[in-house]
Amino acid sequence: MRTPRKAAPLIAICTISLAVTAAVGGCSSSGGKSSEDRSGSGSGQGAKGVSTPRMKIAMITHSGEGDTFWDIVQSGAKQAAAKDNVEFLYSANKEGKEQAQLVQAAIDQKVDGIVVTLAKPEAVADVVAKAVKAGIPVVTINSGAQFSKGVGAISHIGQDEKVAGEAVGEELNKRGRKKALCVIHEQGNVSLEERCAGVKKTFKGSVENLGIEGTNMPASTSSIEAKLQADHGIDTVVTLGAPFAAASVKAKEGSGSTAEVDTFDLNAEVVKRLKASEVGFAVDQQPYLQGYLAVDELWLDRTNGNVIGGGKPVLTGPAIVTAADVPQLEKYTARGTR
């Protein structure tokens, strides 16, 4: 697994929270797998962990239906909630206006903290700033790092999307690729646009963007297949989310293309296809860590006045993952934590 040098600053270390746990309430007497088993679904409901007062934290994301990436984010958040005596509430909507309404609902519930994505900042920035003004601490994750400070968030947790895109462009150069199709599965998502822009910046070949309807997988597959049939010069398909790697493999087979499929993000299916040489490489931004650290940061802020990363973005990626990394990753993706 290769982590680009540019992504090295401010990788958060989870042992910070463990030390504080011991100071304010004591870690559970067991950890590792037994700790995970004890937490059950990981919802944090009634789980034994710290002795700090009960908190209620809401996470509101821009996830579309069926996007497995957010299952992994929630897995991390629920595990932290179980440890931190937190009631964890999750909601999502891919439409900016509806996501903003969900943030308002969290404010109305008087939650103790909000975790939110800024994929469509123009739609949600005002209501997030409203939450901060109301005294609710906010941590942003995944998307819109450049807007995080402006809305008053404690910090942002995720990968630098432009750096991640640049890392992909550099990897394509190493592989001798000449023409890439960058597949954008959600129009208007600033982070996805940054990824493709990053690829274009460092890739010595040409890059063409293709917008697809990400919540309709059959239609997405058909759109990619049609593009590959129309342009045989495309030798690489870069998808911006793990579920679309499988769709691209299917589209490649249907079109008769020989293009390599590469993808952002990781899940069990992508690891399986890396192993089968159906996917060349993946960019891992560690979604489990994004969910875990976001909940833990809000707990640390309330119980000990800590700010992870000193208020600067906390980077969880990118790391280039290839077939060589499969033996290490399989057990983690199988349990839904990578």
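Now for a quick tour of the structure. Note that this is a predicted model, so its numbers are computed, not measured.

Reading the values: rules and limits
Residues numbered from 1 in each chain as written. Predicted model: local features only at pLDDT ≥ 70, side-chain atom pairs only at ≥ 80, totals over all residues. Heavy atoms only, no water. Salt bridge = Lys/Arg side-chain N within 4 Å of Asp/Glu carboxyl O. Helix = DSSP H or I, 4+ residues; strand = E, 2+ residues; numbered from the N terminus. Pairing = 2+ DSSP bridges. Axes fitted to C-alpha atoms, helices over the stretch in contact; angles between N-to-C directions. Parallel < 35°, antiparallel > 145°, perpendicular 65-115°, else oblique. Left-handed = near helix turned anticlockwise from the far one by under 90°. Contact = heavy atoms within 4.5 Å. Nonpolar A, V, L, I, M, F, W, Y, C, P; charged D, E, K, R; others polar. Phe/Tyr/Trp six-rings, centres within 6.5 Å; stacked < 30°, edge-to-face > 60°. Buried < 20%, exposed > 50% of the residue type's maximum accessible area, 1.4 Å probe, protein only. Core = buried A, V, L, I, M, F, W, Y, C linked by side-chain atoms within 4.5 Å.

Some remarks on the pattern of salt bridges
Turning to step 1, where the next piece is worked out: A full pass over the atoms with the stated rule returns 17 salt bridges.
Turning to step 2, where the next piece is worked out: R175 is the salt-bridge partner of E171, the closest N and O atoms lying 3.0 Å from each other.
Turning to step 3, where the next piece is worked out: Here R195 and D265 are joined by a salt bridge, their closest N and O atoms 3.9 Å apart. Of this pair, R195 sits in helix 8 (residues 190-202) while D265 sits in the loop between strand 9 (260-264) and helix 11 (268-275), and the two are 70 residues apart along the sequence.
Turning to step 4, where the next piece is worked out: Here the salt bridges share partners, and the residues they tie into one network are E171, R175, R177 and E260.

Quick notes on the sheet that holds strand 4 (residues 138-141)
Turning to step 1, where the next piece is worked out: Read from one edge of the open sheet, 6 strands run 2-1-3-4-5-11, paired in parallel fashion. Sheet topology places strand 2 (86-92) and strand 11 (314-315) at the edges, where each strand pairs with a single neighbour.

Re the packing of helix 11 against helix 13 (residues 326-334)
Turning to step 1, where the next piece is worked out: Interaxial distance between helix 11 and helix 13 falls to 9 Å at its minimum, and their mutual angle equals 155°. With respect to helix 13, the element helix 11 is oriented roughly antiparallel. Between helix 11 and helix 13 lies a crossing whose hand is left-handed. Contacts from A268, V271, L274 and K275 in helix 11 reach V326, L329, E330 and T333 in helix 13.
Turning to step 2, where the next piece is worked out: Of the residues belonging to the contact of helix 11 with helix 13, the class tally is 5 nonpolar, 1 polar and 2 charged.

Description of the packing of aromatic side chains
Turning to step 1, where the next piece is worked out: For the coordinates displayed, the defined rule picks out 2 aromatic pairs.
Turning to step 2, where the next piece is worked out: Their ring planes at 75° and their centres at 5.0 Å tell us that F69 and W70 sit as a pair that is edge-to-face.
Turning to step 3, where the next piece is worked out: For the ring pair Y288 and Y292, a centre distance of 6.3 Å and an interplane angle of 20° mean the geometry is stacked. Here Y292 and Y288 lie together in helix 12 (residues 287-304), a separation of 4 residues that amounts to about one turn. When sorted by exposure, Y288 lands in the same class as Y292, which is buried.

Thoughts on the sheet that holds strand 6 (residues 179-184)
Turning to step 1, where the next piece is worked out: Taken in spatial order, the 6 strands of this open sheet run 7-6-8-9-10-12, and their pairing is mixed. Edge positions in the sheet fall to strand 7 (206-211) and strand 12 (319-321), since each of these pairs with one other strand and no more. Recorded for the sheet is a direction-independent mean angle of 25° between the axes of neighbouring strands.
Turning to step 2, where the next piece is worked out: Sheet topology places strand 10 (residues 282-284) next to strand 12; 3 bridges connect them, and they run antiparallel. Across the sheet, residue A282 finds its bridge partner in strand 12, namely V321.
Turning to step 3, where the next piece is worked out: The strands touched by helix 8 are strand 6, strand 7 and strand 9; relative to strand 7, the strand with the most contacts, the crossing angle is about 165°.
Turning to step 4, where the next piece is worked out: Packing of helix 9 (residues 217-230) onto the sheet brings it into contact with strand 6, strand 7 and strand 8 (236-239), and relative to strand 7 it is tilted by some 145°.

Looking at the nonpolar core
Turning to step 1, where the next piece is worked out: With 29 residues, the main nonpolar core has I57, M59, V115, V139, I141, I157 and V295 as its most contacted residues.
Turning to step 2, where the next piece is worked out: Contributing elements (two or more residues each) for this core: strand 1 (55-61), helix 3 (69-84), strand 2, strand 4 and helix 12.
Turning to step 3, where the next piece is worked out: It is helix 12 that provides the largest number of residues to this core, a total of 9 residues.
Turning to step 4, where the next piece is worked out: Residues contacting I57, with those up to four places away along its chain left out, are V86, E87, F88, L89, G113, V115, V295 and L298.
Turning to step 5, where the next piece is worked out: Counting residues in each nonpolar core, the second largest holds 24 residues, with L181, F244, A259 and L329 among its members.

Shape descriptors only; they carry no functional weight alone.
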